[in-house]
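# Tertiary structure, described
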Amino acid sequence: MDVSVATGLWPVGVGKQPGREKLDGPQGRGYNYKMIDSPSDDYFMREALRQAAKAHEADEVPVGAVVVRAGKIIARAYNQVELLKDATAHAEMLALTQAEAAVGDWRLTDCDLYVTKEPCPMCAGALVHVRIHRVIFGCADLGAGAAGSVMNLLQMPGSNHRCNIASGVLQNECSWILQDFFRKRRHQQAGTPARSTNQKSQI
């Protein structure tokens, strides 16, 4: 088995991992190892975007979310409101339920949630209740965003928990998939064909 896959370490002396610094070790005496860098916010947001793309294909509002713990994804979900006939089946809510099952506790204090669109008030409230550590979102929701755009339920004074927030991660890609979905829906309602773009290939 490839040691880099099995251990997360890259053996120096058997080639060089693209984009990584080579460490020199004793000639002919095994290998030195360098820890591979943890995935970035961009990496996890792209995983959330893949979930949003699944929602788009299912004719759901394309929002995707992933929950990360100790650098690993433990939950993935996308909007399934129409599929489940459940107004609460937002990507964040479904991802939190999966994460709770994976952790074995309703408290997610050492977990981060990545979501392509700013959480709504319902989802923001749930994120506070599960005590999520950090919320990272792509594009803002200027009409109903509850992480700073309209209100900030994630950091309410007097709350028993406040989430750290990061915004604007892959903002253009996250905005585009929503704009594309609603543009196509408007054309369908008007009975006119929608012009496709190449942006999807970047997700």
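Conventions used here
- Residues numbered from 1 in each chain as written.
- Predicted model: local features only at pLDDT ≥ 70, side-chain atom pairs only at ≥ 80, totals over all residues.
- Heavy atoms only, no water.
- Buried < 20%, exposed > 50% of the residue type's maximum accessible area, 1.4 Å probe, protein only.
- Helix = DSSP H or I, 4+ residues; strand = E, 2+ residues; numbered from the N terminus.
- Pairing = 2+ DSSP bridges.
- Right-handed = clockwise from strand over helix to strand, strands pointing away.
- Polar contact = N/O pair within 3.5 Å; in protein donor to acceptor, adjacent residues only side chain to side chain.
- Contact = heavy atoms within 4.5 Å.
- Core = buried A, V, L, I, M, F, W, Y, C linked by side-chain atoms within 4.5 Å.
- pLDDT = per-residue confidence, 0-100.
- Axes fitted to C-alpha atoms, helices over the stretch in contact; angles between N-to-C directions.
- Parallel < 35°, antiparallel > 145°, perpendicular 65-115°, else oblique.
- Nonpolar A, V, L, I, M, F, W, Y, C, P; charged D, E, K, R; others polar.
- Left-handed = near helix turned anticlockwise from the far one by under 90°.
- Expected span 1.5 Å × (residues − 1).
- Arc of directions from axis to C-beta.

### As for the pairing of strand β5 (residues 111–117)
Counting buried residues along β5, seven of its seven residues qualify, which places the element largely inside the surrounding structure. When strand β3 (residues 64–69) meets β5, the two strands line up antiparallel, connected through five bridges. What sits directly across from Val 67, in β5, is Leu 113. Across five bridges, β5 lies against strand β6 (residues 134–139) in parallel orientation. Bridging across to β6, Asp 112 finds its partner in Arg 134. Regarding topology, helix α5 (residues 121–129) serves as the crossover connection from β5 to the parallel β6, and that connection is right-handed.

### Some points on the side chain of Glu 47
Among the secondary structure elements, Glu 47 is positioned in helix α2 (residues 41–57). Residue Glu 47 is classed as buried on the basis of its relative accessible area, which comes to 13%. Within polar-contact distance, the side chain of Glu 47 engages the side chain of Arg 50 at 2.5 Å. Among all residues touching Glu 47, those that are not within four sequence positions of it are Val 66, Ile 73 and Arg 76.

### With respect to the nonpolar core
Met 45, Leu 96, Leu 113, Ile 132 and Leu 154 are the most contacted members of the largest nonpolar core, which totals 44 residues. The element contributing the most residues to this core is α2, with six residues.

### As for the confidence of the model for the protein chain
Close inspection of predicted coordinates is inappropriate in any region flagged by low pLDDT. The share of residues in the protein chain with pLDDT of 70 or more is 75%, and the mean pLDDT across the chain is 83. Low pLDDT, under 50, characterises residues 1–36; the predicted model gives this stretch 42 contacts beyond four residues in sequence or across chains.

### Considerations on the packing of α2 against helix α6 (residues 171–190)
Remark: α2 packs on α6, axes separated minimally by 10 Å, with the N-to-C direction vectors making an angle of 5°. Taken together, α2 and α6 sit at an angle that is classed as roughly parallel. In this structure, α2 uses Met 45, Arg 46, Leu 49, Ala 52, Ala 53 and His 56 to contact α6, whose residues at the interface are Glu 173, Cys 174, Ile 177, Asp 180, Phe 181 and Lys 184. Classifying every residue of the contact of α2 with α6 gives seven nonpolar, one polar and four charged.

### Let's talk about the environment of Val 66
For Val 66, the position within the fold is in strand β3. Once residues within four sequence positions are removed from consideration, Val 66 is found in contact with Phe 44, Glu 47, Ala 48, Ile 73, Ala 75, Arg 76, Asp 112, Leu 113 and Tyr 114.

### Considering the sheet that holds strand β4 (residues 72–78)
Overall, mixed pairing links the five strands, which are arranged β4-β3-β5-β6-β7 in an open sheet. A single partner strand is all that each edge strand has here, and the edge strands are β4 and β7 (164–167). Looking at each pair of strands side by side, their axes are set apart by 15° on average, direction ignored. The pairing of β6 with β7 spans four bridges and is parallel.

### Here's the deal with the packing of helix α4 (residues 91–103) against α5
Following both chains from N to C, one finds α4 and α5 inclined at 25°, their axes separated by 9 Å at the closest point. One element, α4, and the other, α5, form an angle in the roughly parallel class. Seen along the crossing, α4 lies across α5 with a hand that is left-handed. Contacts between α4 and α5 involve Glu 92, Met 93 and Leu 96 on the former and, on the latter, Met 122, Cys 123, Ala 126 and Leu 127.

### Focus on α4
Taking 1.5 Å as the rise per residue, α4 with 13 residues should run 18 Å; its terminal C-alpha atoms sit 18 Å apart, in good agreement. Regarding α4, the residues found buried are Ala 91, Glu 92, Ala 95, Leu 96 and Ala 99. Taken around the axis of α4, the buried residues stretch over an arc of 120°, which confines them to a single face. Of the exposed residues in α4, the ones pointing more than 90 degrees away from its buried face are Thr 97 and Ala 101. Looking at the buried residues of α4, the elements they touch are β3, β4, β5 and α5.

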